[in-house]
Amino acid sequence: MSEKPKNISAGDETKFSQQVGEMAALKLKAQRHATQTVWAGLGMMGLVGWSVAVPTLLGAALGIWIDKHYPGSHSWTLALLAIGLGLGCFNAWHWVSRENREIHAQDEENDHG
């Protein structure tokens, strides 16, 4: 009833243990990456929000100051607010696309390596 263990050569055992070690390392890396992804996502949302809000508010503040000191027929507040918003959106888009490229480059590196 008892089965005899198969003869496993030292080379096969070493190869098997290497595969098990690699799989365990990948699993641990994936677990660490999952928690980093959550925090990175929250941080990215905050950074994107601030990268849009700060230039918009600075543009509005500068526009208010110009309108108070140099009144004219055009509203500098509205114009600089729009310019600040545009710059903030461009800045956020640029940062998010750069992060996206880095994430995809890391994923491709992990898939090939």
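Residues numbered from 1 in each chain as written. Predicted model: local features only at pLDDT ≥ 70, side-chain atom pairs only at ≥ 80, totals over all residues. Heavy atoms only, no water.

Caption draft 1: Representation of the overall build of the chain within the structure. Check the secondary structure of the chain and you find two helices and zero strands. In the chain, which comprises 113 residues, the share counted as buried stands at 12%. Accessible surface, the chain: about 9700 Å² in total, of which carbon and sulfur atoms supply 67%. (Helix = DSSP H or I, 4+ residues; strand = E, 2+ residues; numbered from the N terminus. Buried < 20%, exposed > 50% of the residue type's maximum accessible area, 1.4 Å probe, protein only. Areas by Shrake-Rupley, 256 points an atom, 1.4 Å probe, with all protein chains shown as cover.)

Caption draft 2: The arrangement of the environment of Ile66 in detail. By the secondary structure assignment, Ile66 is in helix 1 (residues 10–69). Once the C-alpha coordinates of Ile66 and Thr77 are considered, the two residues, 11 residues apart in sequence, prove to be 7.8 Å apart. In contact with Ile66, not counting residues within four places along its chain, are Pro71, Trp76 and Leu80. (Contact = heavy atoms within 4.5 Å.)

Caption draft 3: Expanded view of the packing of aromatic side chains. The full count for this structure, using the stated rule, is two aromatic pairs. Pairing Trp65 with Tyr70 gives two aromatic rings, centres 6.3 Å apart and planes at 70°, and the pair type is edge-to-face. The class of Trp65 is partly exposed, set by a relative accessible area of 45%. Pairing Phe90 with Trp93 gives two aromatic rings, centres 5.8 Å apart and planes at 40°, and the pair type is tilted. Linking Phe90 with Trp93, this pair stays in helix 2 (residues 76–112), spanning three residues, or about one helical turn. (Phe/Tyr/Trp six-rings, centres within 6.5 Å; stacked < 30°, edge-to-face > 60°.)

Caption draft 4: Geometry of a nonpolar patch on the surface. A grouping of Trp39, Leu42 and Met45 is seen on the molecular surface, where their side chains present a nonpolar patch of about 400 Å² in accessible area. Checked against the element boundaries, Met45 lands in helix 1. We classify Met45 as exposed; its relative accessible area is 58%. (Patch = residues over 30% accessible without salt bridge, like charges linked within 9 Å, V, L, I, M, F, W, Y side chains within 5 Å. Salt bridge = Lys/Arg side-chain N within 4 Å of Asp/Glu carboxyl O.)

Caption draft 5: Main features of the side chain of Thr56. As for its placement among the helices and strands, Thr56 is situated in helix 1. Taking the relative accessible area as the measure of exposure, Thr56 reaches 14% and is therefore buried. Only 2.7 Å separates the side chain of Thr56 from the backbone oxygen of Val52, close enough to count as a polar contact. Those residues in contact with Thr56, other than ones at most four positions away along the chain, are Leu81, Gly84 and Leu85. (Polar contact = N/O pair within 3.5 Å; in protein donor to acceptor, adjacent residues only side chain to side chain.)

Caption draft 6: Here's a closer look at the environment of Val96. Tracing the backbone through its elements, the reader meets Val96 in helix 2. A relative accessible area of 31% places Val96 in the partly exposed class. With 48 residues separating them in the primary sequence, Val96 and Val48 have C-alpha atoms 7.9 Å apart. Excluding anything up to four places from it in sequence, Val96 contacts Met44 and Val48.

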